[in-house]
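As a plain string of letters, each chain reads:
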Amino acid sequence: MATQKPQRTPEEIEDIILRKIFLVTLKENPENSSTSDPRVVYPEMTAAEILSEGKSLLLSRDLMERVLIDRLSGEFPNSEPPFNYLIGCYKRAHEEIKKISNMKYQTLRSEMECAAKQAKKLAVSYVRIHLGNPELFSNGNLRDSNPKASSSLSSNSPLLPLVFAEVSSGVMLGGFGGNEFGSGVDCPPGFLEEFFKDSDFDTLDPILKGLYEDLRGSVLKVSALGNFQQPLRALLYLVSFPVGVKSLVNHPWWIPKGRYLNGRVIEMTSILGPFFHVSAFPDHTIFKSQPDVGQQCFSDASTRRAADLLSSFTSIKAVMNNLYDGLAEVLLYLLKNTETRESVLEYLAEVINKNASRAHIQVDPLSCASSGMFVNLSAVMLRLSEPFLDANLTKKDKIDPSYVFYNNRLDLRGLTALYATSEEVAEWINKDNLVKTDGSRPHGDDEIRLLQSQEATSSGSTLNVKPTTSSGEKAKYPFICECFFMTARVLNLGLLKAFSDFKHLVQDISRCEDTLATLKAMQGQAPSPQLELDISRLEKEMELYSQEKFCYEAQILRDGAFIQHALSFYRLMVVWLVGLVGGFKMPLPSTCPMEFASMPEHFVEDAMELLIFASRIPKALDGVLLDDFMNFIIMFMASPQFIKNPYLRAKMVEVLNCWMPLRSGSSATSTLFEGHQLSLEYLVRNLLKVYVDIEFTGSHTQFYDKFNIRHNIAELLDYLWQVPSHRNAWKQIAKEEEKGVYLNFLNFLINDSIYLLDESLNKILELKELEVEMSNTVEWERRPAQERQERTRLFHSQENIIRIDMKLANEGVSMLAFTSEQITAPFLLPEMVERVASMLNYFLLQLVGPQRKSLTLKDPEKYEFRPKELLKQIVRIYVHLARGDAKNIFPAAISSDGRSYNEQLFSAAADILRRIGEDGRIIQDFIELGAKAKAAASEAMDTEAVLGDIPDEFLDPIQFTLMKDPVILPSSRITIDRPVIQRHLLSDSTDPFNRSHLTTEMLIPNTELKARIEEFIKSQELKRHGEGLNMQRSKGTIQPTSGEMLID
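Model, not experiment: these values are computed from the prediction. (Residues numbered from 1 in each chain as written. Predicted model: local features only at pLDDT ≥ 70, side-chain atom pairs only at ≥ 80, totals over all residues. Heavy atoms only, no water.)

(A) Expanded view of the overall build of the chain. The helix and strand tally for the chain stands at 43 helices and 3 strands. For the chain, buried positions account for 51% of its 1048 residues. Partitioning the intrachain contacts of the chain with sequence separation of at least 6 by distance along the chain shows that 74% fall at a separation of at least 24. Summing over all exposed atoms, the chain offers an accessible surface of approximately 48,700 Å²; the carbon and sulfur share of this is 51%. (Helix = DSSP H or I, 4+ residues; strand = E, 2+ residues; numbered from the N terminus. Buried < 20%, exposed > 50% of the residue type's maximum accessible area, 1.4 Å probe, protein only. Contact = heavy atoms within 4.5 Å. Areas by Shrake-Rupley, 256 points an atom, 1.4 Å probe, with all protein chains shown as cover.)

Spelled out as structure tokens, the structure:
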């Protein structure tokens, strides 16, 4: 220990301290040489030079740099490589300073501390020189500078193990994401901080660039199970220094350049790209990360203990959140520095723009970054967004909608807009630019109209934030605005795309399971080597699918905080969008503001997809504020003049369907339906509108799409009917919109019910034929194997179709049954009553007619086919309408159906109803209705006889029945009966004769023809009456022989 001794001078003490630090002596045989460090060297030439200069051979502050240079430049036996030697000097100087602090005399202590600190500073300085110019010392060889470092890092900067040691001290990195690099290397306390703090940028920049390249390489193709935490901590440590921040964004690999640059190239070659690539998701074989998460954690998952799977889920979630936090902190360091903020935004914009094709259904893995990168980036962007996602969304006014059109960073103009076409957006922007060049207020005509309109309240104040621009300048937007739109794009390409991929993966698994079950059934009937191979191949495929599914579950589905952060972001999104139309209030403005109409459609679609996905994850919605989402859905689900895409509006219905209390499993969602003001006032009305609007989507699959969408609506309406306040609103709508949307709703409900039931019953007959074929074992075995496979597949396909169609048909009939009990007027309108009667007659014929026995199935419940329940509901609809038929027009409508009506069906149905225990009053009313229909049929025959041959001009050209209220179609000029054309217009707003546009209001009454028809009817009745009188007179002249003869 260097302590003050009376016999030693301060110069001698300084010499001893510096000798210990630098391991150099200027004396060939120093004192205590027997106990000195064998690493101490004697620079003979340097000592001779100093002596010749008349100086004493004692190391001092004046000589230390000269001696250090000679030590580094010379070749001495047993000497350490330059880097290790310099690090040792710093470490020894640090130790000496601790010893010096124990010296008694302050003056001496101060002098010696100064010398040791200068030695530390000198060591740091020469480490910089050595790393920046390795050729100066030791022939430029840096590779042998870390003998203790891991062999995998032998080609890296010798500084890297020290950085790893610094960031790993006191941090446990075992398990996932652990396995320390360069274990066994110690970093002297304070060395790195001094190394990076006190130097100019040009000196440190090449050193830092090398470190960044090394860190990038250390995590390249590393999965969530690999060691990424040490490199991440090292990266975070380096950017904590201003010089580190500046060096990173100036690195040529910060944003790679090149003709063939794409999303995947940025991911794999940029400095941050490989860090973002770390994930639990599988990737393309070329870019596959190790260790394989699916293989190690989830192989043969069906045989693993639940606790083991849960442990894997928890560990993966934890290490991925460490990654998210670390990367977010790195970006925050860069963003807080005004000199580097722009570079970060440019990097993020480049990543987003080069990966725009990730939004496609099929993604090219060679040109697009991985799902892992974009899910990680989604989590990081959400962390950057947290400051403006407070509960009151106080900073939403800083989000400027003009960013979509005028920003110079993100390419947003090519995205599909909520309502406006690309041509309309371009025209609007051009008008806006013309106004700006004239020096006027930089607002387009639509925006001025919006701001002046009474609908645009203070809620729409986001429009007041405009970027300041002049010709040739880039538009400047606040960071919150930039971050908001970048996060929206990243979530679209990342988290939401991952949800979509997961959904398709689950569908693939389901298809594989069905196919595997079919193949195994066929193998049981007729074994073959090919079938065995197919089964084996499919089982391997299923195993890979299963592993991938668990990886998605581990990184996303099990991370409730991740999903809730995303929900908070999209809450801001919908609140901000509503602000563009004047805030949360109904009705909406009469015209859609262009700011809203021009916003990317995926902003809303992503919000709805996230809500649907989150609703299916237990507890994912707990604590989430859903009222704003509910308001948004009610406002826009039935507003095609604001959101053009019918499938997007249908998605809003799907969200509500997921929120139904029985389905969501959460009592919190019930208040959204039963205690929500906009819901009570508008929900039923808007659901009915969507039910009607979805008939025509413009898609080539619209006919089949509408059934799935209406299924969601039907389930919602069924639930809402049971809520008294909604049922009252429903009845009021039916009264107000008797000839409007409600009539259209009934028409499509009836159309769908007829089609679905008819389709189901026909498919049942086809299924029974297949059953007969397959049950004839001898004949079946004679058929070729391929034919048997095809027929088996057809059988399972028919089963699925019947099950789906019957479920939908049951929903339709059920809705007709419960609504007709309290709402009968729309069913009995002239344009509807015959349609309703024909439907009921057709259903009755199918269920109790001669062919009913052919519909018998072994397991009808399997196909949702419940004929007894269906018959009860059909009969109840008959009875409900008969009870509400004040004008007694329903029996005539029933009997006028020439296709399905048969008076015997009523008695047959009554017999069945008695056997299955239907309410006696229902049966009695039904029998009475049948009697009235029979009487109406007899009366109709008499009327037909009275009228005789009817002139063709009096007949309806479609139904060929006598017109009662003829009207002229304005375009084709053809005359048709009003109820007939009104019934047609419920489904199709065109003239049936030339397809030109037609509405009820356009019909022209043909009063002249109507008068002639009425005159004809009167004349025929008078003529018949006259014939009847003549007959009575002739009968009066005939004398009957006796009463008995008449009875006979």
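(B) Quick peek at empty space enclosed by the protein. Under the definition given, this model contains 4 cavities of 30 Å³ or more. Its volume calculated, the largest cavity comes out at about 110 Å³. If you trace the largest cavity, you find 13 residues lining it, with Tyr691, Arg710, Leu756, Leu808 and Gly812 closest to the centre. Within the residue set of the lining of the largest cavity, elements represented by two or more residues are α31 (702-721), α33 (741-775) and α35 (785-820). As a volume, the second largest cavity reaches approximately 70 Å³. What lines the second largest cavity is Met522, Gln525, Ala526, Leu531, Ala785, Arg788, Gln789 and Thr792. Sort the elements by how many residues they give to the lining of the second largest cavity and α35 lands first, with 4 residues. (1 Å grid on protein atoms, 1.4 Å probe; cavity = no way out; pocket = protein on both sides within 12 Å on 5 of 7 lines; lining within 4 Å. Points joined across faces, edges and corners; volume = space filled by probe spheres on them.)

(C) Focus on the pattern of salt bridges. Counted by the stated rule, this structure contains 48 salt bridges. Residue Lys197 pairs with Glu193 through a salt bridge whose shortest N-O separation is 3.0 Å. Taken together, the residues span about one helical turn, with Lys197 and Glu193 both in helix α7 (residues 191-197) at a distance of 4 residues. For Glu193, a relative accessible area of 39% gives the class partly exposed. Across the pair Arg305 and Asp308 runs a salt bridge whose closest N-O atoms are separated by 2.9 Å. Residue classification places Arg305 among the exposed positions, given a relative accessible area of 54%. On the basis of relative accessibility, which here comes to 33%, the residue Asp308 falls in the partly exposed class. (Salt bridge = Lys/Arg side-chain N within 4 Å of Asp/Glu carboxyl O.)

(D) Layout of the nonpolar core. Phe22, Leu159, Phe196, Phe485, Phe636, Trp659 and Phe745 are the most contacted members of the largest nonpolar core, which has 319 residues in total. Sorting elements by how many residues they give to this core places α33 first, with 15 residues. Membership of the second largest hydrophobic core comes to 8 residues, among which are Val967, Leu969, Ile976 and Val980. (Core = buried A, V, L, I, M, F, W, Y, C linked by side-chain atoms within 4.5 Å.)

(E) Fine view of the sheet that holds strand β3 (residues 1004-1005). Strand order in the open sheet formed by 3 strands is β2-β1-β3, and the pairing between neighbours is antiparallel. Strand pairing shows two members of the sheet lacking a second neighbour, β2 (975-977) and β3, which therefore form its edges. The sheet contact formed by strand β1 (residues 966-968) and β2 spans 3 bridges and is antiparallel. Note on β2: the bridge partner recorded for Pro966 is Asp977. (Pairing = 2+ DSSP bridges.)

(F) Geometry of helix α39 (residues 903-916). Among the residues making up α39, those that are buried are Leu905, Phe906, Ala909, Ala910, Ile912 and Leu913. Viewed along the axis of α39, the buried residues span an arc of 165°, placing them on a single side of the element. Relative to its buried face, α39 has exposed residues pointing more than 90 degrees away, namely Gln904 and Arg915. If you check the start of α39, you find a side-chain oxygen 2.9 Å away from the backbone N of Gln904, and it comes from Asn902. (Arc of directions from axis to C-beta. Polar contact = N/O pair within 3.5 Å; in protein donor to acceptor, adjacent residues only side chain to side chain.)

(G) How the structure looks around the confidence of the model for the chain. With 88% of its residues at a pLDDT of 70 or more, the chain has an overall mean of 84. Within the chain, the lowest mean pLDDT, 30, falls on helix α43 (residues 1043-1047), and the highest, 97, falls on helix α16 (residues 371-385). Overall, residues 468-472 carries pLDDT values under 50, and its contacts beyond four positions in sequence, including any with other chains, amount to 5 contacts. Taken together, the stretch residues 1035-1048 has pLDDT below 50 and engages in 0 contacts with residues farther than four places along the chain or on a different chain. (pLDDT = per-residue confidence, 0-100.)

(H) How the structure looks around the packing of helix α14 (residues 306-336) against helix α22 (residues 529-557). Following both chains from N to C, one finds α14 and α22 inclined at 55°, their axes separated by 8 Å at the closest point. By the angle between their axes, α14 is oblique relative to α22. Here α14 runs over α22; the crossing is right-handed. Here Phe313, Ile316, Lys317, Met320 and Tyr324 of α14 come into contact with α22, specifically with Phe550, Glu553, Ala554 and Gln555. Partitioning the contact of α14 with α22 into residue classes produces 6 nonpolar, 1 polar and 2 charged. (Axes fitted to C-alpha atoms, helices over the stretch in contact; angles between N-to-C directions. Parallel < 35°, antiparallel > 145°, perpendicular 65-115°, else oblique. Left-handed = near helix turned anticlockwise from the far one by under 90°. Nonpolar A, V, L, I, M, F, W, Y, C, P; charged D, E, K, R; others polar.)

(I) Examining the side chain of Ser279 more closely. Looking at where Ser279 falls in the secondary structure, it is placed in the loop between α12 (273-277) and α13 (293-298). Only 3.1 Å separates the side chain of Ser279 from the backbone nitrogen of Phe281, close enough to count as a polar contact. Setting aside residues no more than four positions away along its own chain, Ser279 makes contact with Val222, Ser223, Ala224, Val293, Met320, Gly372, Asn376 and Gln555.

(J) Structural detail: helix α26 (residues 627-636). Burial of α26 is extensive: 9 of the 10 residues sit out of reach of the surface. Within the span of α26, buried status applies to Asp628, Phe629, Met630, Asn631, Phe632, Ile633, Ile634, Met635 and Phe636. Here the buried face of α26 lies against α23 (560-579), α24 (594-597), α25 (602-615), α27 (646-659), α29 (670-674) and α30 (677-693).

(K) How the structure looks around the packing of aromatic side chains. Taken as a whole, this structure holds 41 aromatic pairs when the rule is applied. Relative to Phe485, the ring of Tyr403 lies with its centre 4.9 Å away and its plane at 5°, an arrangement referred to as stacked. Pair noted here: Tyr403 is in helix α17 (residues 403-406) and Phe485 is in helix α20 (residues 479-493), with a separation of 82 residues, a long-range link. Looking at Tyr403, the relative accessible area reads 0%, which means it is buried. Pairing Phe405 with Trp428 gives two aromatic rings, centres 5.0 Å apart and planes at 80°, and the pair type is edge-to-face. Of this pair, Phe405 sits in helix α17 while Trp428 sits in helix α18 (residues 422-437); the two residues are 23 residues apart in sequence, bridging distant segments of the chain. Among the residues examined, Phe405 registers a relative accessible area of 4% and is labelled buried. Grouped by ring-pair contacts, the aromatic residues Tyr403, Tyr477, Phe484, Phe485, Phe569, Tyr570, Trp576 and Phe603 constitute a single cluster. Cation over ring: Arg264 sits above Phe287, and NZ or CZ is 3.8 Å from the ring centre. One residue, Lys644, lies across the ring of Tyr419, its end atom 5.0 Å from the ring centre. (Phe/Tyr/Trp six-rings, centres within 6.5 Å; stacked < 30°, edge-to-face > 60°. Lys NZ or Arg CZ within 6 Å of the ring centre and 35° of its normal.)

(L) Main features of the packing of α14 against helix α15 (residues 341-354). Contact geometry for α14 and α15: axes closest at 6 Å, N-to-C directions at 130°. Between α14 and α15, the interaxial angle falls into the category oblique. Mapping the contact onto sequence places Leu331, Leu334, Leu335 and Lys336 in α14 and Arg341, Val344, Leu345 and Leu348 in α15. Tallied by class, residues from the contact of α14 with α15 come to 6 nonpolar, no polar and 2 charged.

(M) Structural context of the environment of Leu580. One can find Leu580 in the loop between α23 and α24. When the C-alpha positions of Leu580 and Met594 are compared, they lie 9.1 Å apart, and in sequence the two are 14 residues distant.

(N) Focus on the side chain of Glu918. Counting through the fold element by element, Glu918 comes out in the loop between α39 and α40 (920-947). Overall, Glu918 belongs to the buried group, its relative accessible area being 9%. One polar contact links Glu918 to Arg876, side chain to side chain, over a distance of 3.1 Å. Apart from residues lying up to four places away in sequence, Glu918 is in contact with Lys872, Arg876, Leu913 and Ile923.

(O) View of unusual backbone geometry. Here Gln290 and Pro291 are connected by a cis peptide whose omega angle stands at -5°. If you trace the backbone, Pro291 turns up in the loop between α12 and α13. Looking along the chain, the bond that leaves Met586 and enters Pro587 is cis, with omega of 0°. Within the fold, Pro587 resides in the loop between α23 and α24. The phi dihedral of Lys619 is positive, around 65°, even though this residue is not glycine.

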